[in-house]
Amino acid sequence: MTDSTPDNTLLNDLIQNRPAAYQRAYDYYGPFLLAYITRIVKDNAEAEDLLQDTFVKIWQNIAHYDSSHGKLVTWMMKIARNTALDFLRSNNSHVLFIDTNADASQVAKTPNYTYIDFKDLIYSTLTGKYRQVIELVYIEGYSMQEVADLLELPLGTIKTQARCGIQILRKLFQ
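Source: prediction; values computed, not measured.

Looking at the side chain of glutamate 135
- You can see glutamate 135 is positioned in helix H6 (residues 128-139).
- In this structure glutamate 135 touches Arg89, Lys119, Tyr123 and Glu140, once residues within four positions along its chain are discounted.

Structure representation (structure tokens):
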């Protein structure tokens, strides 16, 4: 993608449901969104299916796009991210195995596992700012710099919030 994105013209064409506009959107934004989805789901075949779902949702919801909330590509990224995360949630992709009776060296040998959903653990343990940073970095796969840009906060603040969130979670496992 380049800085000269065709957002305004493309947006008008999308709102008017011009079929060629959806092909242009797919051709222009598709590779970027596919890479973004692949980074989240870590499976190329699933990412391609999710990209198709993303463009169906874009088509169905284009009337709800509000340019005062951000660029068209940002809105598309949110749809792609939510589509990928919904897929992961539906497949329980964030399940950790924790043996409550053994130390780390014995975990592979001990069959007594307790299943813990990492997202549930984050939501039940962390407060807003720590939860949001931990989720964006460790579940959604954003870099610290991307989170700083997304939340419009200094990089140092994001790193501090991530470190504090991890320290809180670490106490649960000691």
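After that view of the structure, there is still more to cover.
A word on the packing of H6 against helix H8 (residues 155-172)
- At a closest axis distance of 8 Å, the pairing of H6 and H8 adopts a crossing angle of 95°. The angle between H6 and H8 places the two elements in the roughly perpendicular class. Between H6 and H8, the contacting residues are Lys129, Tyr130, Val133, Ile134 and Tyr138 on the first element and Ile158, Gln161, Ala162, Cys164, Gly165, Ile166, Ile168 and Leu169 on the second.
- Classifying every residue of the contact of H6 with H8 by side-chain character gives 10 nonpolar, two polar and one charged.

Looking at helix H3 (residues 44-61)
- The terminal C-alpha atoms of H3, which comprises 18 residues, lie 25 Å apart, in line with the 26 Å expected from a rise of 1.5 Å per residue.
- Within the span of H3, buried status applies to Ala47, Leu50, Leu51, Thr54, Phe55 and Ile58. When H3 is viewed along its axis, its buried side chains cluster within an angular range of 150° and face the same direction.
- Contacts made by the buried residues of H3 are with helix H2 (19-41) and helix H4 (72-90).

Digging into the environment of glutamate 140
- In this structure, glutamate 140 sits in the loop between H6 and helix H7 (144-151).
- Since its relative accessible area comes to 6%, glutamate 140 is described here as buried.
- Sequence spacing of glutamate 140 and asparagine 82 is 58 residues, and the spatial spacing of their C-alpha atoms is 9.9 Å.
- Excluding residues within four positions of it along the chain, glutamate 140 makes contact with Ile40, Arg81, Leu85 and Glu135.

A few points about the environment of threonine 127
- Among the structural elements, threonine 127 can be located in the loop between helix H5 (118-125) and H6.
- In this structure threonine 127 comes out as partly exposed when scored by relative accessible area, which is 48%.
- Sequence spacing of threonine 127 and glycine 165 is 38 residues, and the spatial spacing of their C-alpha atoms is 8.7 Å.

Let's talk about a negative patch on the surface
- On the surface, Asp43, Glu48, Asp49 and Asp53 cluster together to form a negatively charged patch.
- Tracing the backbone shows glutamate 48 in helix H3.

Notes on the nonpolar core
- In terms of nonpolar packing, the biggest core is built from 36 residues, with Leu14, Ile37, Val41, Ile62, Leu72, Trp75 and Met76 touching the most fellow members.
- Every element with two or more residues in this core is listed here: helix H1 (7-15), H2, H3, H4, H6, H7 and H8.

Notes on the packing of aromatic side chains
- Per the stated rule, a full pass over the model turns up four aromatic pairs.
- On the numbers, 4.9 Å between centres and 85° between planes, the contact of tyrosine 28 with tyrosine 29 is edge-to-face.
- For tyrosine 28, a relative accessible area of 24% corresponds to the partly exposed category.
- Its end group placed over the ring of tyrosine 142, arginine 39 keeps NZ or CZ at 6.0 Å from the ring centre.

Structural notes on the pattern of salt bridges
- All chains considered together, the criterion is met by three salt bridges.
- Aspartate 13 is paired through a salt bridge with arginine 18; the nearest N and O atoms lie 2.6 Å apart.
- A relative accessible area of 11% places aspartate 13 in the buried class.
- Of the residues examined, arginine 18 reaches a relative accessible area of 40% and is grouped as partly exposed.

Overview of the confidence of the model for the chain
- Taken over all residues, the pLDDT of the chain has a mean of 79, while the share at 70 or more is 80%.
- Across residues 1-5, where pLDDT falls below 50, the model places eight contacts with residues more than four positions away in sequence or in other chains.
- Below pLDDT 50 for its whole length, residues 93-115 participates in 30 contacts with residues either more than four positions away or in separate chains.

The rules behind these values
Residues numbered from 1 in each chain as written. Predicted model: local features only at pLDDT ≥ 70, side-chain atom pairs only at ≥ 80, totals over all residues. Heavy atoms only, no water. Helix = DSSP H or I, 4+ residues; strand = E, 2+ residues; numbered from the N terminus. Contact = heavy atoms within 4.5 Å. Axes fitted to C-alpha atoms, helices over the stretch in contact; angles between N-to-C directions. Parallel < 35°, antiparallel > 145°, perpendicular 65-115°, else oblique. Nonpolar A, V, L, I, M, F, W, Y, C, P; charged D, E, K, R; others polar. Expected span 1.5 Å × (residues − 1). Buried < 20%, exposed > 50% of the residue type's maximum accessible area, 1.4 Å probe, protein only. Arc of directions from axis to C-beta. Patch = residues over 30% accessible without salt bridge, like charges linked within 9 Å, V, L, I, M, F, W, Y side chains within 5 Å. Areas by Shrake-Rupley, 256 points an atom, 1.4 Å probe, with all protein chains shown as cover. Salt bridge = Lys/Arg side-chain N within 4 Å of Asp/Glu carboxyl O. Lys, Arg positive; Asp, Glu negative; His and termini not counted. Charge placed at Lys NZ, Arg CZ, Asp CG, Glu CD. Core = buried A, V, L, I, M, F, W, Y, C linked by side-chain atoms within 4.5 Å. Phe/Tyr/Trp six-rings, centres within 6.5 Å; stacked < 30°, edge-to-face > 60°. Lys NZ or Arg CZ within 6 Å of the ring centre and 35° of its normal. pLDDT = per-residue confidence, 0-100.

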